[in-house]
Amino acid sequence: VTWQPAASGIGARVAATFRGRARVEDKGAAAAVHLRTLGATERQVLVKELEVFAAAFEAELRSGKEVLEVLPRAAADKGQALQRLLAEHREKENV
């Protein structure tokens, strides 16, 4: 199973388990799982499920305020993308 179909399945899995109390936002290459409406025990269960998923698909979990992002390990964040663009720009100027 490849990453993209598996990532798309996160929403259905979370919806079935938590009956709409946890919202999953499809971000294309990633999924953001919003935890705001869950109690402490439910959060622990969900985090454990996401950790198992991440290990199975070589994904990583990034935590934010009331949210967990699930994304492929190779995914760059905005800072890395900006650094890469700046490096490419500098290379073109030096040619």
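Scroll up to find the structure this text is about.
Notes on the structure follow.

1. Some remarks on helix α2 (residues 40-56)
- Relative to the 24 Å expected for 17 residues at 1.5 Å per residue, α2 spans 25 Å between its end C-alpha atoms, a close match to the ideal helical length.
- Within α2, the full set of buried residues consists of Leu46, Leu50, Phe53 and Ala54. When α2 is viewed along its axis, its buried side chains cluster within an angular range of 95° and face the same direction. Exposed positions of α2 whose direction lies more than 90 degrees from the buried face are Ala40, Thr41, Gln44, Lys48, Ala55 and Ala56.
- After α2 finishes, the residue Glu58 shows a positive phi value of roughly 50°.

2. Focus on unusual backbone geometry
- Unlike most non-glycine residues, Glu58 shows phi in positive territory, near 50°.
- For Glu58, the location among the structural elements is in the loop between α2 and β3 (59-64).
- Note on Glu58: relative accessible area 56%, which makes it exposed.
- The phi dihedral of Glu66 is positive, around 65°, even though this residue is not glycine.
- Here Glu66 is to be found in the loop between β3 and β4 (67-72).
- The exposure class of Glu66 is partly exposed, given its relative accessible area of 27%.

3. Some points on the environment of Leu38
- Its place among the elements puts Leu38 in the loop between β2 (31-34) and α2.
- Assessed through its relative accessible area of 6%, Leu38 is described here as buried.
- A sequence separation of 28 residues divides Leu38 from Glu66, and the C-alpha atoms of the two residues are 9.5 Å apart.

4. Observations concerning the nonpolar core
- One finds Ile10, Leu46 and Leu50 to be the most contacted residues of the largest nonpolar core, which totals 15 residues.
- The set of elements that each furnish at least two residues to this core consists of α1 (3-18), β2, α2 and β4.
- In terms of residues, this core owes the most to one element, α2, which gives four residues.
- Residues within four places of Leu46 in sequence aside, it is in contact with Val14, Phe18, Ala22, Val33, Leu35 and Leu38.

5. Comments concerning the side chain of His34
- Structurally, His34 is set in strand β2.
- Within the local environment of His34, its side chain forms a polar contact with the side chain of Glu25, the two groups lying 3.0 Å apart.

6. Regarding the environment of Leu68
- Counting through the fold element by element, Leu68 comes out in strand β4.
- Overall, Leu68 belongs to the buried group, its relative accessible area being 7%.
- Taking the C-alpha atoms as reference, Leu68 lies 5.1 Å from Val33; in sequence the two are 35 residues apart.

Thresholds, definitions, all that
Residues numbered from 1 in each chain as written. Predicted model: local features only at pLDDT ≥ 70, side-chain atom pairs only at ≥ 80, totals over all residues. Heavy atoms only, no water. Helix = DSSP H or I, 4+ residues; strand = E, 2+ residues; numbered from the N terminus. Expected span 1.5 Å × (residues − 1). Buried < 20%, exposed > 50% of the residue type's maximum accessible area, 1.4 Å probe, protein only. Arc of directions from axis to C-beta. Core = buried A, V, L, I, M, F, W, Y, C linked by side-chain atoms within 4.5 Å. Contact = heavy atoms within 4.5 Å. Polar contact = N/O pair within 3.5 Å; in protein donor to acceptor, adjacent residues only side chain to side chain.

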